[in-house]
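So the chains spell out like this:
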Amino acid sequence: LVAARKEKIDERLALAEAAGIKAMVMDVESYAALAAIARVIERERPDGSQPVALFQIGSETSSLSVLLQDTLLYEREQSFGSYKLEQDIARAAGNAGAVGGLVQAFHENAAHELARALQLFFASTSYDRIEHIYVAAGGFPVQGMPATLALRVAASVSLADPFSGMDISPVINQTMIAAD
């Protein structure tokens, strides 16, 4: 059971309508993300004998969720997000070199935060490795991020594509929902 403020639901419905979308279902973001990544894991990693992680980077917070098949083993939220990067990029607009440096520094910080969250997972469970890490990050440059994260955490990393394997209406511009 989940409770939500009516005005928040109404805001999201209005946003969907403004985009020409008729909302049929509304879900809690974290549950929807886990359901989407579970579908991806089932298709891409049918063996399912090792845990898989989802690292979601939001504007103000990030979260690490670790799943084994369709079971949530671990979840941790931390105070790390992209808001400061977005502000810094806006201030450095027009200076490509500065923007590139800001993005790379953010990727390094994300790698540090991910490594720290994984250490806490390993310390609090009997698991000592993650098969694969999916990264969900929107609103900022992510090109190169999986490689930076993979170097730091010694695991394979890719951007999560929650739309992978879904039938998408031809009226939807698929380039607008691409994971990278």
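Residues numbered from 1 in each chain as written. Predicted model: local features only at pLDDT ≥ 70, side-chain atom pairs only at ≥ 80, totals over all residues. Heavy atoms only, no water.

1. Some remarks on the pairing of strand E4 (residues 132-137)
Okay, step 1: For E4, a buried count of 5 out of 6 residues is recorded, marking the element as mostly surrounded by other parts of the structure.
Okay, step 2: Across 4 bridges, E4 lies against strand E5 (residues 156-159) in parallel orientation. Each bridged residue has a counterpart across the sheet, and for Tyr 134 the counterpart in E5 is Ser 158. (Buried < 20%, exposed > 50% of the residue type's maximum accessible area, 1.4 Å probe, protein only. Helix = DSSP H or I, 4+ residues; strand = E, 2+ residues; numbered from the N terminus. Pairing = 2+ DSSP bridges.)

2. Details of the pattern of salt bridges
Okay, step 1: Following the criterion strictly, the structure yields 5 salt bridges and no others.
Okay, step 2: Between Glu 7 and Arg 5 there is a salt bridge; the shortest N-O distance is 3.4 Å.
Okay, step 3: On the accessibility criterion, Glu 7 (43% relative accessible area) is partly exposed.
Okay, step 4: Of the charged contacts, one joins Lys 6 and Asp 10 as a salt bridge, the two residues approaching to 3.2 Å between their closest N and O atoms. Note that Lys 6 and Asp 10 are positioned in helix H1 (residues 6-18) at a spacing of 4 residues, about one turn of the helix. (Salt bridge = Lys/Arg side-chain N within 4 Å of Asp/Glu carboxyl O.)

3. Overview of the pairing of strand E1 (residues 52-57)
Okay, step 1: The buried fraction of E1 amounts to 6 of the 6 residues, a majority that puts the element mostly inside the structure.
Okay, step 2: Here E1 pairs with strand E2 (residues 62-68) via 6 bridges, running antiparallel. By the bridge assignment for E2, Gln 56 is matched with Ser 63.
Okay, step 3: In textbook terms, the turn of a hairpin is the stretch between consecutive antiparallel strands, and for E1 and E2 this stretch comprises 4 residues.
Okay, step 4: In terms of strand pairing, E1 meets E4 through 6 bridges, oriented parallel. Opposite Gln 56, over in E4, you have Ala 136 as the bridge partner.

4. Quick look at the sheet that holds E1
Okay, step 1: Here 5 strands make up an open sheet; going across it, the order is E3-E2-E1-E4-E5 and the pairing mixed. The open sheet is flanked by strand E3 (71-78) and E5, the only strands paired with a single partner. Each strand of the sheet is rotated relative to its neighbour by a mean of 20 degrees, with strand direction disregarded.
Okay, step 2: Lying over the sheet, helix H4 (residues 96-124) contacts E1, E2, E3 and E4, oriented at roughly 130 degrees with respect to E3.
Okay, step 3: The sheet strands contacting helix H5 (residues 145-153) are E1, E4 and E5, and the helix crosses E5 at an angle near 155 degrees. (Axes fitted to C-alpha atoms, helices over the stretch in contact; angles between N-to-C directions. Contact = heavy atoms within 4.5 Å.)

5. Section: the environment of Arg 76
Okay, step 1: Inspection of the secondary structure assignment puts Arg 76 in strand E3.
Okay, step 2: As for Arg 76 and Val 66, which are separated by 10 residues in sequence, their C-alpha atoms are 9.1 Å apart.
Okay, step 3: Those residues within four positions of Arg 76 in sequence are excluded, and the remaining contacts are Ser 62, Ser 63, Leu 64 and Leu 120.

6. Notes on the nonpolar core
Okay, step 1: Ranked by size, the top nonpolar core spans 28 residues in total, and within it Ile 57, Leu 64, Ile 133 and Val 135 carry the most contacts.
Okay, step 2: Mapped by element, the contributors of at least two residues to this core are E1, E2, H4, E4, H5 and E5.
Okay, step 3: Apart from the residues lying within four places of it in its own chain, the contact partners of Leu 64 are Ala 53, Leu 54, Phe 55, Tyr 74, Glu 75, Arg 76, Leu 114, Ala 117 and Leu 118.
Okay, step 4: One finds Val 40, Ile 41, Val 52 and Tyr 134 within the second-largest nonpolar core, a separate group that totals 10 residues. (Core = buried A, V, L, I, M, F, W, Y, C linked by side-chain atoms within 4.5 Å.)

7. Topic: unusual backbone geometry
Okay, step 1: Non-glycine residue Ala 154 carries a positive phi angle of around 55 degrees.
Okay, step 2: On the secondary structure map, Ala 154 appears in the loop between H5 and E5.
Okay, step 3: Residue Ala 154 is classed as exposed on the basis of its relative accessible area, which comes to 73%.

8. Some words on the side chain of Glu 113
Okay, step 1: Looking at the secondary structure, you find Glu 113 in helix H4.
Okay, step 2: The buried category is assigned to Glu 113, whose relative accessible area is 14%.
Okay, step 3: Setting aside chain neighbours within four positions, we find Glu 113 in contact with Gln 78 and Phe 80.

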